[in-house]
Amino acid sequence: MKLKFEEMRSPEVGEFIAKDGMVLLPIGACEEHGRHLPVNTDTKLAYSAAIEAAEKVSGKVPISVLPPVWFGYTVGILKNWPGTITIKPKVLIDLMYEICRSLIDMGINKILIVNGHGNNPGVLDVVVRSVGDNFKVFPGIVNVFNLWDKKYVKKNRRSPEGGVGHAGEVETSIMMHLTDLVDMSAADNTDIMKSNLKSCPVDFASDRKKRLYLSAWYLENSTYGGAGDPTYAKKEFGKDLHQMTVDGLAEVIEEFYDIQVKLASRKLNRKNDRF
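Summarised in this report is the structure supplied together with it. Within any chain, residue numbers begin from 1 and follow the written order of that chain's sequence. Totals for whole chains, interfaces and linings use all residues, but because this is a predicted model, local features are given only for residues with pLDDT of at least 70 and pairs of side-chain atoms are given and counted only at 80 or more. To get the side-chain values, take all heavy atoms of the structure and skip hydrogens and water.

1. Some points on the pairing of strand 3 (residues 111–115)
A regular strand carries its side chains on alternate faces of the sheet. For strand 3, the buried fraction is high: five of the five residues fall into the buried class. Where strand 1 (residues 22–27) and strand 3 come together, five bridges link them in parallel fashion. Of the residues in strand 3, the one forming a bridge with valine 23 is isoleucine 111. Being paired, for any two strands, means DSSP has found at least two bridges between them. Numbering goes from the N terminus for both helices and strands, where a helix is a DSSP run of H or I of at least four residues and a strand is a run of E of at least two. Relative to strand 4 (residues 140–143), strand 3 is paired through four bridges, and the arrangement is parallel. Within strand 4, the residue paired with isoleucine 113 across the bridge is isoleucine 141. The handedness of a crossover follows from its direction of travel: if, with the strands pointing away from the viewer, the path from the first strand over the helix to the second runs clockwise, the crossover is right-handed. Regarding the hand of the β-α-β motif, the stretch spanning strand 3, helix 4 (residues 121–135) and strand 4 is right-handed. Three labels apply to residues, based on accessible area from a 1.4 Å probe with only protein chains included: buried if under 20% of the type maximum, exposed if over 50%, partly exposed otherwise in between.

Here it is, written out as structure tokens:
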């Protein structure tokens, strides 16, 4: 069974469906990531993790990885720097919904979205809820940044608070591990995040508890399109974080597949069969 969905011929897809196959649907973004990272950073993080996690569980779960969705919803402020292509939330909802509907129409009802972009989660929540309402098929969502152990990041980071954010230490470290497209000669700490709101920490690994959502792009005055400090990035740190992502995603895949199989024959006591 081929791991990459796009490499299968139609009869092979049919065999995959007959084996009750599950697909991973990676999505990221095409957007600027400071001066030192390529614009495919978020997509690269999601797709690389999806491929490696699928390889890891392929002996246990019939699985295939769809081509990544390269474009996501990105806040308009990032258009101040070249490289950002953003899709309106309602358009992205329709796009992801139609991908899911096409999969369901062909007989694939185990769909796990793997997201690598911070502006996408709210949009994707609407997608999976809408798909569930209309087809009684319930895709899952994994945001790769939720697979990073916060305690591990706090213990092993080298940047001060404000350094772990968009194009900051963590993303840069992982991309140094995944690709040779990182230009560290263009990395500096100009765009380290400086907000010290008690209720809205903008740093992923902050000790402060997040009780308020405010866009980091509203709070920070970015010069080069970053929101963090990439100068402390290390390839070894990135390798560890990427492996953490892959291992965590593999665990989610197995649990997601298992619960989908178990609930498939469940009989619900509902007056309205449609829901």
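From this point, things continue past the structure.
2. Considerations on the layout of surface pockets
Space left empty within the atom packing is revealed by a probe, the size of a water molecule, rolled over the atoms. The way it works is a 1 Å grid over only the protein atoms, where trapped points that fit a 1.4 Å probe form a cavity and open points with protein on both sides within 12 Å along at least five of seven lines form a pocket, and then any residue with an atom within 4 Å of a point lines it. Grid points are joined across faces, edges and corners, and a volume is the space filled by probe spheres set on the points. Considered as a void within the structure, the largest pocket measures approximately 1100 Å³ in volume. The wall of the largest pocket is formed by 38 residues, among which Gly118, Phe145, Gly165, Val202 and Ala216 lie closest to the centre. Listing elements by their share of the lining of the largest pocket, those giving two or more residues are helix 2 (41–57), helix 4, helix 6 (169–178) and helix 7 (216–219). Among the residues making up the lining of the largest pocket, the classes are represented as 20 nonpolar, eleven polar and seven charged. Under the convention adopted here, Pro, Cys and the residues Ala, Val, Leu, Ile, Met, Phe, Trp and Tyr are nonpolar, Asp, Glu, Lys and Arg are charged, and Gly plus all remaining residues are polar.

3. Considerations on the pairing of strand 1
Strand 1 sits mainly inside the fold: six of its six residues count as buried. Sheet analysis places strand 1 next to strand 2 (residues 63–65), joined by three bridges and oriented parallel. Bridge pairing in strand 2 places valine 23 opposite serine 64.

4. Overview of the sheet that holds strand 3
Across the sheet, which stays open at both edges, the four strands sit in the order 2-1-3-4 with parallel pairing between neighbours. Both outer strands of the open sheet, strand 2 and strand 4, are each paired with one neighbouring strand and no more. Between one strand axis and the next, the sheet turns through 20° on average, direction left out of account. Inter-axis angles, ranging from 0 to 180 degrees, are taken between N-to-C directions of lines fitted to C-alpha atoms, where helices are fitted over the stretch in contact.

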